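One letter stands for each residue in the lines below.
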There are 2 protein chains.
Amino acid sequence: MASTSHTDYPPELTAEEQNFIFTELKDWSIAHGLAVRPAPSFVQQSQDPSGVLATTAPVTVFPSLFPRTCFEDGLSIQRAYNELYSAIARDEQWLQGIVEELVDVDDFVAKLWQTHLAVKKEGYVQDVSLGLFRSDYMVHEDPSQSNPAPGLKQVEFNTIASSFGGLSSQVSALHRYLLSLGAYPSSTSSIIKADALRQSQSTSQLARGLAAGHKAYGESRTRRPLCVLFVVQDPERNVFDQRHLEYALLEENGVRSFRLPFGRTLEHTKLDGNRTLVYSPPHSSSTSYEVTTIYFRAGYSPDDYVKEEDWAARLHLEKSRAIKCPSVLTQLAGCKKVQQVLATPQSPHLKRFLPDDQVASRLLETFAPIYPLDNSNAGKEAKKLATDPSSAARFVLKPQREGGGNNIYRKAIPPFLEKLPETQWPAYILMEMIEPPPLRNAIIRNGVLERGGVICELGVYGVCLWRDGSGKNQKGEILENFDAGYLLRTKGDQSEEGGVAAGFGAVDSCCLVES
Amino acid sequence: MASTSHTDYPPELTAEEQNFIFTELKDWSIAHGLAVRPAPSFVQQSQDPSGVLATTAPVTVFPSLFPRTCFEDGLSIQRAYNELYSAIARDEQWLQGIVEELVDVDDFVAKLWQTHLAVKKEGYVQDVSLGLFRSDYMVHEDPSQSNPAPGLKQVEFNTIASSFGGLSSQVSALHRYLLSLGAYPSSTSSIIKADALRQSQSTSQLARGLAAGHKAYGESRTRRPLCVLFVVQDPERNVFDQRHLEYALLEENGVRSFRLPFGRTLEHTKLDGNRTLVYSPPHSSSTSYEVTTIYFRAGYSPDDYVKEEDWAARLHLEKSRAIKCPSVLTQLAGCKKVQQVLATPQSPHLKRFLPDDQVASRLLETFAPIYPLDNSNAGKEAKKLATDPSSAARFVLKPQREGGGNNIYRKAIPPFLEKLPETQWPAYILMEMIEPPPLRNAIIRNGVLERGGVICELGVYGVCLWRDGSGKNQKGEILENFDAGYLLRTKGDQSEEGGVAAGFGAVDSCCLVES
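This text gives an overview of the structure that appears in the document. None of these values were measured; they are calculated from a predicted model. (Residues numbered from 1 in each chain as written. Chains lettered and ligands numbered in written order. Predicted model: local features only at pLDDT ≥ 70, side-chain atom pairs only at ≥ 80, totals over all residues. Heavy atoms only, no water.)

On a plain count of helices and strands, chain A comes out with 18 helices and 21 strands. Taken over C-alpha atoms, the radius of gyration comes to 23 Å for chain A, in line with the 24 Å a tight globule of 515 residues would show. Principal-axis analysis of the C-alpha atoms gives chain A an extent of 65 × 55 × 45 Å. Counting across all 515 residues of chain A, residues that qualify as buried make up 61%. Only carbon and sulfur atoms are counted for the fraction: they give 48% of the accessible area of chain A, which is about 20100 Å². Side-chain charges of chain A comprise 53 positive and 62 negative groups, with the mean position of each set lying 5 Å from the other. (Helix = DSSP H or I, 4+ residues; strand = E, 2+ residues; numbered from the N terminus. Rg over C-alpha atoms; globule rule 2.2 N^0.38 Å. Buried < 20%, exposed > 50% of the residue type's maximum accessible area, 1.4 Å probe, protein only. Areas by Shrake-Rupley, 256 points an atom, 1.4 Å probe, with all protein chains shown as cover. Lys, Arg positive; Asp, Glu negative; His and termini not counted. Charge placed at Lys NZ, Arg CZ, Asp CG, Glu CD.)

Next up on the list: the environment of B:Ala80. Within the secondary structure layout, B:Ala80 lies in helix 4 (residues 78-89). Setting aside residues no more than four positions away along its own chain, B:Ala80 makes contact with B:Leu354, B:Val359 and B:Leu363. (Contact = heavy atoms within 4.5 Å.)

The next thing to look at is the sheet that holds strand 15 (residues 408-409) of chain B. All names here are of chain B. The strand order 13-16-14-15 describes an open sheet built from four strands, whose pairing is antiparallel. Unpaired on one side and paired on the other, strand 13 (370-372) and strand 15 mark the two borders of the sheet. Looking at chain direction, strand 14 (residues 395-399) and strand 15 are connected through two bridges and run antiparallel. What sits directly across from Leu 397, in strand 15, is Ile 408. Contacts from helix 13 (residues 336-343) reach strand 13, strand 14 and strand 16 (428-432), with the element oriented near 110 degrees to strand 13. Across the face of the sheet, helix 16 (residues 377-387) comes into contact with strand 13, strand 14 and strand 16 while running at roughly 105 degrees to strand 13. (Pairing = 2+ DSSP bridges. Axes fitted to C-alpha atoms, helices over the stretch in contact; angles between N-to-C directions.)

Moving on to the sheet that holds strand 2 (residues 53-56) of chain B. Pairing is antiparallel in the open sheet, where four strands are placed in the order 1(A)-2(A)-2(B)-1(B). Looking at the sheet topology across the chains shown, the edges are occupied by strand 1 (35-36) of chain A together with strand 1 (35-36) of chain B. The pairing of strand 1 of chain A with strand 2 (residues 53-56) of chain A spans two bridges and is antiparallel. When the sheet's bridge partners are listed, A:Ala35 is paired in strand 2 of chain A with A:Thr56.

With that settled, consider the side chain of B:Asp304. Residues and elements named next belong to chain B. By the element assignment, Asp 304 lies in the loop between strand 11 (289-296) and helix 11 (308-319). With no salt bridge to any partner, buried Asp 304 finds its closest opposite charge in Arg 314, at an N-O distance of 7.9 Å. A polar atom in the side chain of Asp 304 sits 2.8 Å from the side chain of Gln 233. At a separation of 2.7 Å, a polar atom in the side chain of Asp 304 contacts the main-chain amide nitrogen of Gly 299. Leaving out residues up to four positions away in the same chain, Asp 304 has contacts with Gln 233, Phe 262, Ala 298, Gly 299 and Asp 310. (Salt bridge = Lys/Arg side-chain N within 4 Å of Asp/Glu carboxyl O. Polar contact = N/O pair within 3.5 Å; in protein donor to acceptor, adjacent residues only side chain to side chain.)

The next thing to look at is the relation of the copies chain A and chain B. Comparison of the two chain copies shows a relationship of rotation about an axis with a shift along it. You can overlay chain A on chain B at an RMSD of 0.0 Å; the transform is a turn of 180 degrees with a shift of 0.0 Å along its axis. One copy is carried onto the other by what is essentially a two-fold rotation axis. When the interface residues of chain A are mapped onto chain B, 100% of them again fall at the interface, so both copies present the same face. (Least-squares fit on C-alpha atoms with pLDDT ≥ 70 in both.)

Moving on to the interface of chain A and chain B. Contacts between the two partners involve 45 residues from chain A and, on the opposite side, 45 residues from chain B. Summed over both partners, the interface of chain A with chain B buries about 3900 Å², with 54% contributed by carbon and sulfur atoms. Area buried by chain A at its contact with chain B is led by A:Val52, A:Tyr247 and A:His283, which between them contribute 17% of it. Linking chain A with chain B are eight salt bridges. Residue B:Asp27 is joined to A:Arg243 by a salt bridge in which the shortest nitrogen-to-oxygen separation is 2.9 Å. Counting the contacts that link chain A with chain B gives 24 residue pairs in polar contact (both at pLDDT 80 or more). (Buried area = accessible area lost by both parts, 1.4 Å probe.)

Bear in mind that shape data such as this cannot, by itself, settle questions of function.
Below is the structure:
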């Protein structure tokens, strides 16, 4: 396994080696759109008011080592995960139970649920839903075992705005390019090999997913040209990630798309009589488009809803006939509470959605035990574990809310909970820490190269298109279900001073090793 | 013709149209490497010491109108031009006559010739030469005619470091993309059409040319891996232009290349016993490569030779067994004096190189009359024309030297010559001004959009690979000869205040119109 047999990976680089690889990397990345708009700390807006500057996206210099069995596990169970989450999204009654436990503590979940109820009151007019999912994992080596076999443990399951698919294809191609140049020291030749570098087809596959939604929508009801609508944040530094999907949608699938800043939704779209969503591009007032599919790259976090009108905009989109990627129910299916109830030890829920025991047991193996902090039996056990510093050291406390950040780790948990009124504890879940093998890499960010210990997170993309149940077919049906490439995201592990800055991720690719 | 029937092209854009097109353009360009490193006036080196920032290359928003017949003429005569210039490069005796007229006034030409003589003394060991040429034209409408038919007139013929081939493919793809989005106002729909937008295959075709050189070199004589060597300036802001050729060389032709700053030639290359050129990459001291082909993207201008050692480096490369792109004789074939003697009225020279009258007469039509400023009959006539303000207004005075800039236009010629000792006049040629039709466009540079009158220059790329004459075959033979895409370069015409800044070119593409 990586942690034991490749302790000297990646090798130190001489100054000339580093200079060569850095130059190749920074030129290739811009030539191939592996780029981001620079952060304000790097380039102030006043210097570049029209925003034409770009820089290499934060990337790793080397592909990180990843156990081949874990990688293949992750890809092979993605279709089951797609099935699971689409089944959850179709089970309004069950979701209601989840939401009811959260409404008092999570205003965002409450608002999303109210949006669903408001649409339901008028009646949904679109029974097809699209999910571009990403299931995130870390490699886990059980510290209680002396020679542990590495396994995948799920960190979270994203049902909305799963990002980096457009850049992931490029970074795996970058590492392959560097290999083909012989840019990696010869000491790595038994590790970094062409058949070990797994290319990610995420750009093409996610675009294919959007095209599947577009096609499933059918013909225009208003004799307008059809389009997919990317609902985005504005400004968006990670714009090229999204653009690659747009370009692949157009070039590989012939499907037109537009970008609409979420805050301008009500200004530029309207619902006609039968709730067809009509988009009027501001630059072309004479031509309007009928929207087949709404792809949300905004609206996933409370921060995107700054005024009441933003909730009206979400409702407006949700009410429309366009296929939502995702619908509000699918977004709710991705909330951490769902992950928690599935992963609570002895939970009966998984069986509800995946009757096939074999399939369910394969997913179950990827769950890290998760506890609620409520008054259930599991919750009571969790409170004991979380408030005792010695047991808390094996856990992480995560807010149920979406959006990342704000996790409380290990020994910081007891004092954090001490300050928090116990009524608010159910807003958090307690998750057993995943113990990844120690890895090292070098990350380039803003032109600076940092080396040190890193943690890698594997994201497996999945596309699922389904029809909600109704009438005789209460369970609905799955129309498309495929895995859609992968992302490896790598960040500093905080373990070393002067190493890779913690918390800032870089895009990476997998160099598969036998475990 | 463009000048008469499309006077309102391109149309004014509304603020929303302009905003849309600008956003699409700046994102697409970075996603596809239509980029440059920013100028120091935009980003200072201290802000980005490792040089990771990039920006959209200066580009036109619209494809410029170009007469279809002229465009097709330019492409169809490129093979004849390739043949002409390769024949000149093979005719040492004739070139010697040219050079002898220049040695006293042009130190750079003298140095190049001395380099040739030094190699000749030891004997050339490589009889194959490669040219990646670019013939530059403007559309000319004879102002003395009331309804002139547009014709192509040659501005210059580049035999070394013909640039922008890597970006030209991208800008024609950009304009096609903008068309496919409907980003251009509907009023242009009868003009900007898919079959009017000519895509440039320059990246692929120039890479194919380098690969042909690489292949013609044959097998390694030193059992080393083979490579093409890009000899470059350092730093190079236009690096992505060159990188696209490198990537196409590797991906489409499987040929490895390296970049070597010209100033480090002697440090990193050596000649072995039989003058094989061996390149030792500084990052990989254990592996050295045998160079098949030297592609000069530096060394074309006196500015590249700052110290005597730089001339030693050029000689070192020239002596080697590697195929030169171009050889020093081929570089000399491109000097303006050659263009001038070919284009001097009643010149006998063209026939020497192109015995086929039909072919020669087609080229002749693209020559703008060019006069020497010496004591020949044509020279005497020229001096009269150049010193009289009324006739001088139809001419441009150009230094024979390579490198661009420093042209003297029209009425500025007489006072310029008055200050220059007449012995130095032969360093210049007098060329009849080409009178292009008035055109307009919008150029984006450093994030700023400028509209106004523009001048367009069509560059047609050509690849020629030949073997020098020897023994029975005194004339040598042509091994490869093909046209290799095009470049349209557009700059402000100085005619309007507040318009497009004069002198700064942007990459553009051709929207063909019937003349």
